[in-house]
Amino acid sequence: MLKDLVLHNRSYRRFDQSTRIAPETLRELCDLARLSSSGRNAQPLKYMIVSSQEECAKVYPTLGWAGYLKEWNGPEEGERPAAYIVILGDTAIASNYGIDAGLSIQSMTLGAVEKGLGGCIIQTVRREELAKILDISSQFEILYVVALGKPVEEVVVETLKPDGDIKYWRDEQHVHHVPKRELKDLIIAEK
Ligand SMILES: Cc1cc2nc3c(=O)[nH]c(=O)nc-3n(C[C@H](O)[C@H](O)[C@H](O)COP(=O)(O)O)c2cc1C
């Protein structure tokens, strides 16, 4: 069921770091992105796959995790992502990428969930540093990083409380809660 996949396609930020992801699996996720819609069919996105432990260790410090969780500095050693896919805009093809990255990433993360994995889209990236670390040429703009792994955290979707607070939060059992607005508050009219 697609709804079940979408429901489980949460932002996971704690993983079993020892469960590595085969490069072939990561290529399959990129292939799902490849098959996704693209404005003008320009297909300006490119991907860099990072899965070796050495390279993952270099990528991790360039990423910003869960801005609302002020007490938490991101996943500890042992719970860090097992792989990353860096979403790049190819400036030789386009200068803006519309919603292509969102569509590609959604395909990738749904594919990851289907495979028993999970991910988190990261926009808070120290881009210059990451470009140097991964030797990404200036032809490519770093748009997002998708962190991937086998999740070890429980993430639950709940209805927004009456105070309207949209901030995600963690309880004492480390369950991650994600408040979502109700459908009736999103559909402004049905004519
Ligand atoms: C465009 C975009 C950028 C995001 N950037 C970050 C980020 O830099 N760091 C992070 O920890 N989560 C990031 N997230 C994850 C969001 O915090 C997450 O989607 C939101 O809290 C809702 O949780 P859910 O994905 O489980 O529905 C990003 C998500 C999106 C869609």
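Source: prediction; values computed, not measured. Residue positions within a chain follow its written sequence, with the count starting from 1. Confidence filtering applies because this is a predicted model: local features only for residues at pLDDT of at least 70, side-chain atom pairs given and counted only at 80 or more, and all residues used for totals across whole chains, interfaces and linings. Hydrogen atoms and water are omitted, and side-chain values are computed over all heavy atoms in the structure.

A.B. asks: Would you explain the site of the ligand in this entry?
C.D. replies: Nearness of a residue to a molecule or strand requires only that one of the residue's heavy atoms be within 4 Å of it. By nearness alone, 15 residues border the ligand, and Arg10, Ser11, Arg13, Ala66 and Lys180 come closest of all. Between the ligand and the protein, one listed contact pairs an oxygen atom with a backbone N or O atom of Gln123 at 3.0 Å. Separating an oxygen atom of the ligand from a backbone N or O atom of Thr124 is a distance of 2.9 Å. Under the convention used here, a 1.4 Å probe and the Shrake-Rupley method define accessible areas, while residue burial counts only the protein chains that appear. Here the ligand has 610 Å² of accessible area as a free molecule, and 73% of this is covered by the chains. Runs of E in the DSSP output that reach at least two residues are strands. Runs of H or I that reach at least four are helices, and both are numbered from the N terminus. Where the shell around the ligand is concerned, the elements lending two or more residues are β3 (118-122) and β7 (176-180). Residue contributions to the shell around the ligand peak at three residues, all from β3. By the convention adopted, Pro, Cys, Tyr, Trp, Phe, Met, Ile, Leu, Val and Ala count as nonpolar, Lys, Arg, Asp and Glu as charged, and the other residues, Gly among them, as polar. Across the shell around the ligand, the residue classes break down as eight nonpolar, four polar and three charged. Under the rule applied, a polar contact is a pair of N or O atoms within 3.5 Å (in protein, one hydrogen donor and one hydrogen acceptor; residues adjacent in sequence only if both atoms are side-chain atoms).

A.B. asks: Which parts of the structure should I look at to understand helix α4 (residues 100-114)?
C.D. replies: What sets the pattern is the α-helix's 3.6 residues per turn: residues three or four places apart point alike. Between the first and last C-alpha of α4 there are 21 Å, a value that for 15 residues agrees with the 21 Å anticipated at 1.5 Å per step. Partly exposed describes any residue whose relative accessible area lies between the buried limit of under 20% and the exposed limit of over 50%, with all areas from a 1.4 Å probe on protein chains only and scaled to the type maximum. Within the sequence span of α4, burial applies to Asp100, Ala101, Ser104, Ile105, Met108, Thr109, Leu110, Gly111, Ala112 and Val113. Residues are treated as being in contact if the distance between any of their heavy atoms lies within 4.5 Å. Summarising the contacts, the buried residues of α4 are in contact with α1 (2-8), α2 (23-34), β1 (45-50), β2 (83-90), β3 and β4 (140-149). Within two residues after α4, Gly116 carries a phi angle of roughly 80 degrees, on the positive side. In this analysis, the expected span of each helix is defined as 1.5 Å times one less than the number of residues it contains.

A.B. asks: Just checking my understanding: could you explain the packing of α2 against α4 for this structure?
C.D. replies: Two measures define how a pair of helices packs: the angle their axes make with one another and the distance between the axes. Whenever a helix is involved, its axis is fitted only over the stretch in contact; in every case the axis is a line through C-alpha atoms, and angles between N-to-C directions fall within 0 to 180 degrees. α4 packs onto α2 with a crossing angle of 140 degrees between their chain directions and a minimal axis gap of 8 Å. If you check the angle between α2 and α4, you find them oblique. Considering only the axes of α2 and α4, their crossing is right-handed. On α4, the residues that touch Leu29, Cys30, Leu32 and Ala33 of α2 are Ser104, Ser107, Met108, Gly111 and Ala112. When an angle is under 35 degrees it counts as roughly parallel; over 145 it counts as roughly antiparallel; between 65 and 115 it counts as roughly perpendicular; any other value is oblique. In this scheme the crossing of two helices becomes right-handed for a clockwise turn of the near helix relative to the far one and left-handed for an anticlockwise turn of less than a right angle.

A.B. asks: Looking at this model, I keep getting lost on helix α5 (residues 127-134). Mind explaining?
C.D. replies: Along α5, the residues that are buried comprise Leu130, Ala131 and Leu134. Within α5, the buried residues cover an arc of 100 degrees as seen down the axis, which keeps them to one side. The exposed residues of α5 that point more than 90 degrees off its buried face are Glu128 and Lys132. On its buried face, α5 is in contact with β1, α3 (53-59), β2 and β4. Note on α5: the residue one or two positions beyond its end, Asp135, has a positive phi of about 55 degrees. The arc in question is the one spanned by the directions pointing from the helix axis to the C-beta atoms.

A.B. asks: Got a minute to help me understand the sheet that holds β7 in this structure?
C.D. replies: Pairing between the strands of a sheet comes from backbone hydrogen bonds, and it takes one of two forms, parallel or antiparallel. Two strands pair under a simple rule: DSSP has to find at least two bridges between them. The three strands lie next to each other as β5-β7-β6, forming an open sheet whose pairing is mixed. The open sheet has two free edges, formed respectively by β5 (155-159) and β6 (169-170), since each of these has just one partner strand. The sheet contact formed by β5 and β7 spans five bridges and is parallel. Bridge pairing links Glu158 to Pro179 in β7.

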